[in-house]
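Here are the chains, one letter per residue:
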Amino acid sequence: MSLRARNKIRAPRRGMTGSKTNDFETSWAELSTSLKKIHTKDASALSFEEIYRKSYNIVLGMRGTELYERIQQLEREWLDTEVHKLVTGAISPSLLLAKQLVDAQDQANERRDAGERFLAVLKEAWEDHQLCMKMITDVLMYMDRVMSTDHRKPSIYVASMALFRDHVLRAPIRPDTTTSVYDVLESTVLFMLQLERSGHIIDRPLIRHCVYMLEGLYETITEEESSKLYLTVFEPAFLEASKKFYQAEGRRLLETGDAATFCKVATERLSEETERCIDTLSSLSKTKIKDVLDNELIKNNIAEVVNLEGTGVRTMLDNDRIDNLRSVYVLSARVDSKKTPLTTAVQRRIVEMGKEINASAIASQVSTSAAGKKPEPGEKKPAEKPVNQQTVAAIKWVDDILRLKQKFDNIWENAFESDQVLQSAITSSFSEFINFSQGGDSRSSEYLSLFFDENLKKGIKGKTDAEIDILLDNGITLLRYIKDKDMFEAYYKKHLSRRLLMKRSVSMDAERQMISKMKMEVGNQFTQRLESMFKDMTISEDLTSSYKEHMRQSSDPDQKRIELDINVLTSTMWPMEIMSNARNDEVQLPPILPKEVDSVKQSFEQFYLGKHNGRKLSWQASMGTADIRATFQRANGKVQRHELNVSTYAMIILLLFNDVPTGESLTYTEIQERTRIPDHDLIRNLQSLAVAPKTRVLKKDPMSKDVKPTDKFVFNNEFQSPFMKVRIGVVSGSANKVENQDQRKETEKKMSEERGASIEAAIVRIMKQRKTLIHSQLMTEVLSQLSARFVPDVNMIKKRIESLIDREYLERVEEDPPTYGYVA
Amino acid sequence: MIITHLSPARLVPLPYFHPIPSLSFAPSTTYLFIGTSPPPTPPHTMSASDPSSSSQSEYVTLVSGDGFEFVIPRSTACVSGTIRRMLEPSSRFSESVTGRCVLENISGIVLEKVCEYFCYNEKNKNQTYVPDMDIPPELCLELLMAADYLDA
Amino acid sequence: MMGANSQPFAFQLENCEICGKRFTVTPYSKAGPRGGLLCAKCSKELADDEKKPRANRRAPRSGRRQKQSNLLDGFAQPGAPSLAEMCTKKVADNINDIEEFGDLPPQLLHRLGQILCKRRVLTSRTLNLFLRSDLNFIDIYDAAKLETQDFEKIFAFMPNLYHVNFRFASQMKDKVVDYLLDRDLKIKRLQLDAANLISDACWQQLFRKLGPQLESLKLSNLDSSFDDETVEVMCRECTALQRLKLKQCWKMGNRSLRAISELLSLQHLSLNFVQEVDNEILLNTISKTSPRLRTLSLEGISTADDRLLDIIHVNCRALTKFRFSDNAVCSDRGFVALFTDWSNPPLEFVDLSSTRDVDNSNPDGPADAIGLASHGFMALMNHSGPGLQKLNIASCRHVSRSAFEEVFAAGKTYPNLEELDVSFHTVVDDYVVGRIFQCCPKLQKLVAFACFNLRDAQVPAGVALIGGLRAQDPIVLEGHHY
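Bear in mind the structure is a predicted one, so any value in this text is a computation, not a measurement.

K.L.:
How would you explain the overall build of chain C if you had to name every residue and give the values?
P.N.:
Looking only at helices and strands, one finds 17 helices and 15 strands in chain C. In chain C, 74% of the contacts between residues at least 6 apart in sequence involve partners at least 24 apart.

Here it is as structure tokens:
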């Protein structure tokens, strides 16, 4: 900008401000009068501009610092005299009693009233001071600005707040005592809180306002957040008092001995204290008071609460007190991410209840085996009824566990907020009792397999797909808990084979569904053999029909043929006891078949071996059935025909009687010689043909239930049945049922052999890959490889390693640490 | 009067309006109306003893030491920290009750410029580019003093 | 110019294409709409016509140039400046027409002085405006135009002086100091810059006379005056000294540094040595003075190592301002140790610029980072984040991008940070800058020179981003236009 000649610029008129040094006292006198008027709430006659201008002139006259000092002095005097007098005047003697507890009701009421009066006065004094100082600061803003920017002094507002702190709050209430106004304030507020905690109603907003004061005052002139009086003096006292209160409250609640009450009160206290922080005290204390509650009330007592006799978690679980359990859970979760006492209690109860279920299953077994032994010692066949009861016990066992599971699932979902920690605790407890074996005798695998067997045979009749699905899923859930899955597999295979061969399955769809569920749950390897059983069944069907076709083409169509349905089973995939002809290590000769049947057998063998060279067929007569047409010559000359569905052995026996003249008999020994049916099977078959009341095709002499070698059998022409087709089952031979002790031992023996083989296979697999490995590492790897199928016994692994070393598959490479090498 | 460049502002000269040269002789009232809101009730119709009407009033009166009155919107006047506190409803000083601020040590001619600045400040609120406001050099020192006094 | 060849030469006579008048062609004659020449009057009218639309085109002046200029000064607040600021500038504009300042309050005088000095118009004449006997302070930020007698005049007219601050005071000579000492002034704060003509003897005399009353002494650019002996005298005499700043005095060395350790009232200490100083002496001086220090500023002390940081960590309890720049010895680990579990409250001002390894063949520095690097930066922000107002970490080149992301992660806030300098941090990009804006609600100024990955950051209103590429481009373009 060019500076052309111009009028000289006027300086602001000096003297307009009229401030000269000797005017300071005059101005101050006027100012102080005005300021006092502000304090006495007499400001509406005052002109802001006038006061402002006076202070402005003083500051402009370089007397700002002095003015600032004078104002502080004025405030100090005002607080010392007027405000202090007002506040201390409201302190009644009852407030000075150092009573901690609300003992006498009258005294408490008196003290509360006195306290409220005092707090109201203090609150009023504080709010007045704030309001007046805001006005004074506003009106002296010019001074304030200059003082804080040029002289780095705190705002007069801040300075006067500090004056309030020192000259009102921290001033002794009387010259002769050290008790300060603040002390009375603190004890009064804590007293009020105590009252409220014991159920009285107090003036919350009043206390809140007094807390505002403590939040608005600072220890330092720089007013750091952390130096609020509320935080430096009041909060510690409040927390200490709360700590004491909740320690006592915890003891009191435990004494009442009711866990539900404890939880209810604790939960209420929690929300109550949070609310108190918001409504009555300061949000600053929210987390700290929660910590006090968590530590003093909950953490210290939760274990005792959980275990309270008669009301604790055990009782809650037994009575499905979902709400109570939820409270316990919520409280536990606050103080301990592991919720240890709760988890332990839940686990303990699950195992207890589980063992009860185990025990009741075993009890029914014991009673049945006792009953089974009664009729004749040394007799292998248990009576039919108790056997069923045993199976029923097994199924009940599964049902009971499922019910227990459902109960805890419900609790877990609704009370424990689907908590992870509790879920795994519950799972491990179920697993614990399910796999718990008394004297190495866990029947869970067998029971579970029987459960499936029962359902697949009968249980699912008339059920919808969805229902079946749920049923199977329940079973699968239990399977999850079973550690020795190989054991289950063995039982399942056995039971499945019977279902398949005897066509006892209600639905093949359900069977397949079951397999795929197991596959999902346990893996491919587990179901491989089961699936191949199904495959054998379908191949056999094709085989049967192609054989029929072959026969029709190759032979005389007029000739009456024996129809043959055949199942060719791959020997390794099916249960051993079905496949083996050996019983008790004796080689059993095949039974002598009737001519016509034998020719069919040979014809099929020819057909089959012609198709599959190099295979060996071995016939399992014990597993087959036959349909025969029987003609009964009544005494009155009438002829009655029935179609009989019998086992293969029964068919052989019955055909013998074709060659026996009417009315003549055969003895047991004769029958045995002519058929070569094993004793065991023969007895059972004869029982069903001659003893069972509805299927008595043969008559036995004498008429007893037992079959003795000397018994005579004769064809019963008087056989009566309301049905055209009669099914004659074999006594206890085909039904899947709980094994007796001997069978179990055998199963276990087989199992242990199979496991040994699996362990060896695993060791060799691992070592082949790793070449050398330390003992402990090898153990770990074997355990992890096999864990899906069963939990291998460590000693067994050691023995297998020894055995592999003996057989020179492995060698010891080093002793410390023991290390093995793979011998190629 | 040289306030025409406050372009969006609608300046309504009143019959009492006096040009600068006559200032020293006839103190008067100047109404500055900004925006499209209707003119307020003139101050003299308001009852000074009725604080509610003044605290609700959108307009306040600034009075110079030599008696010139300027009626401007309250929000505009509050550009000045001093006037804002003066009018603070909670403070209960006489100015907040009457809505009338007598600024003893500011002359009419300076106060007029101050009012112009208030409008200028309002208008350019939150603008990234602000055109210069014309300040006559001969006024600049006095205006500086006034600015300091008014915290503007 | 090319087209002009076909036109008649200057000083030729020609008929105007518009009005037909005959006129003398000048180099300024304009071409008409049909290519002919125009007379002076018609030329002017045409020019005016052309100008108007052009002026209209530029009518909505965005004031970009002014804005960028303000930005470089760190002003980015939207809206009008305060009336006081506008008037102050106006007064400065018309300073030569002003006879006296009257009752102008001190804080306005101070601001005026700043503006005048920046404009380099503080002369003997304008100085007179500032000489008021009732004032007890004087700040002249540029005294280069003042003569010896001007300084004497100041001391003559202002008997109450207790705060004296002259920068670029090259004419401040022994004679002036002698005069000052004669006047028996109650100076408590003395700041002199570039007063390099004052002899050591004179300095010593000054300290003997004023020493006990001095509370603040700031001397800079005294070049080859002011030697070790003078410093020793100063430290002996100025026993009440709370604030000491000594910068760019060439002769000062180890003896000076040792002497400073004897100043027992020091609360603020700023040192910038030209000579290399002995590390042990430095450690000794800092360990003696640091427990009381509120300000510690050490610039260009190239020998200082992690032990210095350790001493600060152990001793300092009241530090609010900490500058330690231009050092290539202290390690990141040292900075981590300094800021981890430090009993000192959060710092408000931190300048650790140019603490980094300098080896151009290995720009990433050694694996164990030198200078304030990623971990040190995180430790610093962890410790001082809540209190920091100004932070300068320019050229701390080993701070990684992930460290920036960590420090300015979502949810972190630095509630008081107003100024931040991250110049020469090439890892700082639009994303990081965005995070910085998110985490620093009070930020007013972000200096980011040579942050080459900063391309198109969204700068919030009220924040000045200085040195970002985008911020500079328009300035260069406008420079071409004008």
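K.L.:
Quick one: what's the story with the overall build of chain B, residue by residue and with numbers?
P.N.:
Summing up its helical and strand segments, chain B has six helices and four strands in all. Secondary structure elements of chain B, listed N to C terminal, follow the sequence β-α-β-β-α-α-α-β-α-α. Across chain B, every contact between residues at least 6 apart in sequence was considered, and the portion connecting residues at least 24 apart equals 63%.

K.L.:
Residue-level account of the UniProt feature "domain: DNA repair protein rhp7 treble clef" (unreviewed entry) in chain C, with values.
P.N.:
Under the UniProt annotation, "domain: DNA repair protein rhp7 treble clef" (unreviewed entry) lies at residues 12-47 of chain C. Note that residues 12-47 of chain C is 22% helix and 17% strand, and that its end C-alpha atoms are spaced 21 Å apart.

K.L.:
Run through the nonpolar core, naming residues and quoting values.
P.N.:
Formed by 316 residues in total, the largest nonpolar core has its most connected members in Leu 62, Val 114 and Leu 144 of chain B together with Cys 87 of chain C. For Leu 144 of chain B, the contacting residues outside a window of four places in its chain are Ala 84, Cys 87, Thr 88, Val 91 and Leu 108 of chain C. With 25 residues, the next largest nonpolar core counts Leu 666, Ala 690, Val 697 and Ile 728 of chain A among its residues.

K.L.:
Explain the packing of helix H12 (residues 306-315) of chain C against helix H13 (residues 332-339) of chain C to me, and be specific about the residues and the numbers.
P.N.:
Residues and elements named next belong to chain C. The contact between H12 and H13 brings their axes to 9 Å, and the two run at 5°. Viewed along their axes, H12 and H13 adopt a mutual orientation that is roughly parallel. Contacts from Asp 306, Leu 309, Asp 310, Ile 312 and His 313 in H12 reach Gly 334, Phe 335, Ala 337 and Leu 338 in H13. Residue composition of the contact of H12 with H13, by class: five nonpolar, two polar and two charged.

K.L.:
Tell me about the sheet that holds strand S3 (residues 665-667) of chain A, residues and numbers included.
P.N.:
Residue and element names in this part refer to chain A. Here three strands make up an open sheet; going across it, the order is S3-S5-S4 and the pairing antiparallel. Of all the strands in the sheet, the pair left with one neighbour each is S3 and strand S4 (698-701). Between one strand axis and the next, the sheet turns by 30° as a mean value, whatever way the strands run. Where S4 and strand S5 (residues 712-715) come together, four bridges link them in antiparallel fashion. Counterpart to Leu 698 in the pairing with S5 is Phe 715. Those strands touched by helix H26 (residues 668-675) are S3 and S5, and its axis lies near 80° from that of S3. Packed on one face of the sheet, helix H27 (residues 679-690) meets S4 and S5 and runs near 110° to S4.

K.L.:
Talk me through helix H18 (residues 444-459) of chain A; I want residue IDs and the actual numbers.
P.N.:
For H18 of chain A, built from 16 residues, the straight-helix expectation of 22 Å at 1.5 Å per residue is missed by more than 12%, its first-to-last C-alpha distance being only 19 Å. For H18 of chain A, the buried fraction is high: 12 of the 16 residues fall into the buried class.

K.L.:
Give a description of the sheet that holds strand S2 (residues 639-647) of chain A that names residues and reports values.
P.N.:
The pairing of strands in a sheet happens through backbone hydrogen bonds and is either parallel or antiparallel. All names here are of chain A. Here we have three strands laid out as an open sheet, ordered S1-S2-S6, and mixed in their pairing. Every other strand in the sheet has two partners, leaving strand S1 (625-633) and strand S6 (725-727) as the edge strands with one partner each. Averaged over all pairs of adjacent strands, the angle between their axes in this sheet comes to 30°, without regard to strand direction. In the packing of helix H25 (residues 648-656) onto the sheet, the strands contacted are S1 and S2, and the crossing angle to S2 comes to about 140°.

K.L.:
Residue-level account of the interface of chain C and chain B, with values.
P.N.:
Each side of the interface is counted separately: chain C has 22 residues, and chain B has 21 residues. Its residues assigned to classes, the side of chain C that touches chain B shows 11 nonpolar, seven polar and four charged.

K.L.:
Break down helix H9 (residues 228-237) of chain C for me, with residues and values.
P.N.:
Regarding H9 of chain C, the residues found buried are Thr 230, Val 231, Met 234 and Cys 235 of chain C. In a view along the axis of H9 of chain C, the buried residues occupy a sector of 135°, so they form one face of it.

K.L.:
I'd like a rundown of unusual backbone geometry, residues and numbers included.
P.N.:
Both trends apply: most residues other than glycine have a negative phi, and most peptide bonds are in trans. Residue and element names in this part refer to chain C. With phi around 70°, Phe 226 is a residue other than glycine that occupies positive phi space. Here Phe 226 shows up in the loop between strand S6 (216-223) and H9. Of note, the phi angle at Ala 450 is positive, near 60°, even though the residue is not glycine.

K.L.:
Before we move on, could you go through the environment of Val 351 of chain A and cite the residues and values that matter?
P.N.:
All names here are of chain A. Inspection of the secondary structure puts Val 351 in helix H15 (residues 340-373). With 80 residues separating them in the primary sequence, Val 351 and Ser 431 have C-alpha atoms 9.1 Å apart. Apart from the residues within four sequence positions on either side, Val 351 is in contact with Ser 429, Glu 432 and Phe 433.

K.L.:
Break down the pairing of S5 of chain A for me, citing the residues and quoting the values.
P.N.:
All names here are of chain A. Here S5 shows one buried face, formed by Phe 713 and Phe 715, and one open face, formed by Lys 712 and Val 714. Strand direction decides the pairing type here: S3 and S5, joined by three bridges, are antiparallel. Considered in S5, the bridge of Ser 665 is made with Val 714.

K.L.:
Quick one: what's the story with the confidence of the model for chain C, residue by residue and with numbers?
P.N.:
All names here are of chain C. Looking at chain C as a whole, the pLDDT averages 85, with 92% of positions reaching at least 70. This model gives residues 1-5 a pLDDT under 50, and the stretch forms zero contacts once residues within four places in sequence are excluded. Below a pLDDT of 50 lies the segment residues 471-482, which in the model reaches nine contacts outside its immediate sequence neighbourhood of four places, other chains included. The ipTM for the predicted assembly is 0.77, set against a pTM of 0.69.

K.L.:
Account for the confidence of the model for chain B, with residues named and values stated.
P.N.:
Residue and element names in this part refer to chain B. With 63% of its residues at a pLDDT of 70 or more, chain B shows a mean pLDDT of 71. Scored below 50 in pLDDT, residues 1-26 shows 26 contacts in the model against residues more than four places distant or in partner chains. Scored below 50 in pLDDT, residues 33-55 makes 25 contacts in the model with residues more than four places away or belonging to other chains.

K.L.:
An account of the packing of H18 of chain A against helix H20 (residues 485-501) of chain A is needed here, citing residue identities and associated values.
P.N.:
All names here are of chain A. Following both chains from N to C, one finds H18 and H20 inclined at 25°, their axes separated by 8 Å at the closest point. Judged by the angle between their axes, H18 and H20 are roughly parallel. The two elements H18 and H20 meet at a crossing, and its hand is right-handed. Touching Ser 445, Glu 446, Leu 448, Ser 449, Leu 450, Phe 452, Asp 453, Leu 456 and Lys 457 of H18 are Met 487, Phe 488, Tyr 491, Tyr 492, His 495 and Arg 499, all from H20. Its residues assigned to classes, the contact of H18 with H20 comprises eight nonpolar, three polar and four charged.

K.L.:
Explain the pairing of strand S4 (residues 100-103) of chain B to me, and be specific about the residues and the numbers.
P.N.:
Residue and element names in this part refer to chain B. What you see with S4 is no split at all: Arg 100 and Val 102 on one side and Cys 101 and Leu 103 on the other are buried throughout. Of the strand pairs in this sheet, strand S2 (residues 59-64) and S4 are connected by four bridges, and their pairing is parallel. In the sheet register, Ser 64 faces S4, and the bridge partner there is Leu 103.

K.L.:
So, the environment of Pro 89 of chain B: which residues are in play, and what are the values?
P.N.:
Residue and element names in this part refer to chain B. Within the secondary structure, Pro 89 is located in the loop between helix H3 (81-87) and helix H4 (94-98). By the C-beta count within 10 Å, which is 12 here, Pro 89 ends up exposed. Along the backbone, Pro 89 and Gly 99 are 10 residues apart, and their C-alpha atoms lie at a distance of 9.7 Å.

K.L.:
Which residues make up the environment of Glu 147 of chain C, and what are the values?
P.N.:
Residues and elements named next belong to chain C. Within the element layout of this structure, Glu 147 appears in the loop between strand S3 (137-140) and helix H6 (148-157). For the pair Glu 147 and Thr 123, spaced 24 residues apart in the sequence, the C-alpha separation amounts to 8.8 Å. With sequence-adjacent residues up to four places away left out, Glu 147 is seen in contact with Ser 124 and Gln 171.

Conventions we followed
- Residues numbered from 1 in each chain as written.
- Chains lettered and ligands numbered in written order.
- Predicted model: local features only at pLDDT ≥ 70, side-chain atom pairs only at ≥ 80, totals over all residues.
- Helix = DSSP H or I, 4+ residues; strand = E, 2+ residues; numbered from the N terminus.
- Contact = placed C-beta atoms within 7 Å.
- UniProt positions renumbered as here; feature names shortened; annotations may be inferred.
- Core = buried A, V, L, I, M, F, W, Y, C linked by C-beta atoms within 7 Å.
- Buried ≥ 20, exposed ≤ 12 C-beta atoms within 10 Å, placed from the backbone.
- Axes fitted to C-alpha atoms, helices over the stretch in contact; angles between N-to-C directions.
- Parallel < 35°, antiparallel > 145°, perpendicular 65-115°, else oblique.
- Nonpolar A, V, L, I, M, F, W, Y, C, P; charged D, E, K, R; others polar.
- Pairing = 2+ DSSP bridges.
- Expected span 1.5 Å × (residues − 1).
- Arc of directions from axis to C-beta.
- pLDDT = per-residue confidence, 0-100.
- Left-handed = near helix turned anticlockwise from the far one by under 90°.

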